[in-house]
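# Examining the three-dimensional arrangement
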Amino acid sequence: MNTPINLARLGRNVVYVKPVDVADLPEEVQAQAEGRERLFAVHNSDGRQLALVIDEKLAFALAREHDMVPMTIH
């Protein structure tokens, strides 16, 4: 079941972290993935991608370092 969630209502400092298959990314990004199959994207409440990092732990640390509250979205 895919139910849309209005993340904007949670506040401006909330970001969400989701796994991204490297194969779904542009070729220039794939070339920089160093053989990884999955990366993690950090998005703001409007859905704009803020960062793309190598693992979920780093994504959460990056968000917290910038005073944001990370949440996992699958």
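Throughout what follows, the structure given in this document is the object of discussion. (Residues numbered from 1 in each chain as written. Predicted model: local features only at pLDDT ≥ 70, side-chain atom pairs only at ≥ 80, totals over all residues. Heavy atoms only, no water.)

## Topic: the nonpolar core
With nine residues, the main nonpolar core is built from Val 15, Val 17, Phe 40, Val 42, Ala 51, Val 53, Ala 59, Phe 60 and Ala 63. Where this core is concerned, the elements lending two or more residues are strand S1 (14–21), strand S2 (38–43), strand S3 (49–53) and helix H2 (56–65). Per-element accounting of this core gives the leading share, three residues, to H2. Leaving out residues up to four positions away in the same chain, Phe 40 has contacts with Val 17, Lys 18, Pro 19, Ala 51, Leu 52, Val 53, Ile 54, Asp 55, Glu 56 and Ala 59. (Core = buried A, V, L, I, M, F, W, Y, C linked by side-chain atoms within 4.5 Å. Buried < 20%, exposed > 50% of the residue type's maximum accessible area, 1.4 Å probe, protein only. Helix = DSSP H or I, 4+ residues; strand = E, 2+ residues; numbered from the N terminus. Contact = heavy atoms within 4.5 Å.)

## What to know about the sheet that holds S3
On the basis of which strands lie adjacent, the open sheet formed by four strands has the order S3-S2-S1-S4 and mixed pairing. Where the open sheet ends on each side, the last strands, each with one partner, are S3 and strand S4 (69–72). Pairwise comparison of adjacent strand axes, ignoring direction, gives a mean angle of 30° for this sheet. Where S1 lies against S2, six bridges are found, and the strand directions are antiparallel. Considered in S2, the bridge of Asp 21 is made with Arg 38. Against the sheet, H2 engages S1, S2, S3 and S4, with an angle of about 150° to S4. (Pairing = 2+ DSSP bridges. Axes fitted to C-alpha atoms, helices over the stretch in contact; angles between N-to-C directions.)

Remember, this is a structural readout, not a statement about activity or role.
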